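Each chain, written out:
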Amino acid sequence: QVQLVESGGGLVQPGGSLRLSCAASGSAFSLYDMGWYRQAPGKQRELVAQIFSGGGTNYVDSVKGRCTISRDNAKYTIYLQMNSLKPEDTAVYSCNARLWGGSGYYTDYWGQGTQVTVSS
């Protein structure tokens, strides 16, 4: 099992930058696919970015070119560097850890989330 704690959210002006961090506790962190999701008020949660155990990445189209996800397996931490932030990026950002088992089975773990507000 893994516990996740996010940090780094806050209030930023449009065009600004933030770096979110997600610290994991537990074991075998390098085996987990990790991701950042966000949920804005009145909207469904959506995937923002993923970084897989093998190091590959995936981004939602709306953040491509503006966000970079990375992981430090030695520190059990992932990061989301967000640049050129827009008001529509305002949401609660949550960290996800996914551990795959056999036959397509997986287990998801979630952090509590960190608020990102982009406003002038």
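In this text the structure is predicted, and so the values were computed from the model without any measurement. (Residues numbered from 1 in each chain as written. Predicted model: local features only at pLDDT ≥ 70, side-chain atom pairs only at ≥ 80, totals over all residues. Heavy atoms only, no water.)

So, the state of the cysteines
Spelled out, the test is: Any cysteine sulfur atom paired with another within 2.5 Å is treated as part of a disulfide. Think of it in three bands: residues with accessible area under 20% of the maximum for their type are buried, residues over 50% are exposed, and the middle band is partly exposed, with areas taken using a 1.4 Å probe on protein chains only.
Applying the stated criterion to the full structure yields one disulfide. Cysteine Cys67 remains unbridged, with the sulfur of Cys95 as its closest cysteine sulfur at 15 Å. A relative accessible area of 6% places Cys67 in the buried class.

Here we look at the environment of Ala28
Filter applied, for reference: Numbered from the N terminus, helices here are DSSP runs of H or I no shorter than four residues, and strands are runs of E no shorter than two.
On the secondary structure map, Ala28 appears in the loop between strand S3 (18–25) and strand S4 (33–39). When its relative accessible area of 34% is taken as the criterion, Ala28 is described as partly exposed. Through-space distance from the C-alpha of Ala28 to that of Lys75 is 12 Å; in sequence the pair is 47 residues apart.

Section: the pairing of strand S5 (residues 46–51)
Our working definition: Pairing between two strands is assigned when DSSP locates at least 2 bridges connecting them.
Two strands pair when backbone bridges link them, and S4 and S5 are joined in this way by five bridges, in the antiparallel orientation. Its bridge partner being in S5, Met34 is matched across the sheet by Ile51. Where S4 folds back onto S5 in an antiparallel hairpin, the turn is made up of six residues, including Gly42, whose phi is positive at roughly 75 degrees. Pairing geometry for S5 and strand S6 (residues 57–59), over three bridges, is antiparallel. Looking at the pairing, Ile51 lines up with Thr57 of S6. Counting the residues that bridge the hairpin from S5 to S6 gives five residues, and of these Gly55 lies at a positive phi of roughly 105 degrees.

Remarks on the sheet that holds strand S8 (residues 77–82)
Short version of the rule: Every axis corresponds to a line fitted to the C-alpha atoms, with the helix fit spanning only the stretch in contact, and the corresponding angles, defined between N-to-C directions, vary from 0 to 180 degrees.
Pairing is antiparallel across the open sheet formed by four strands, whose spatial order is S1-S3-S8-S7. For this open sheet the edge positions go to strand S1 (3–7) and strand S7 (67–72), each flanked by a neighbour on one side alone. Geometrically, the sheet is characterised by an average inter-axis angle of 15 degrees between neighbouring strands, direction not taken into account. Direction of pairing for S3 relative to S8: antiparallel, over a ladder of six bridges. What sits directly across from Ser21, in S8, is Tyr79.

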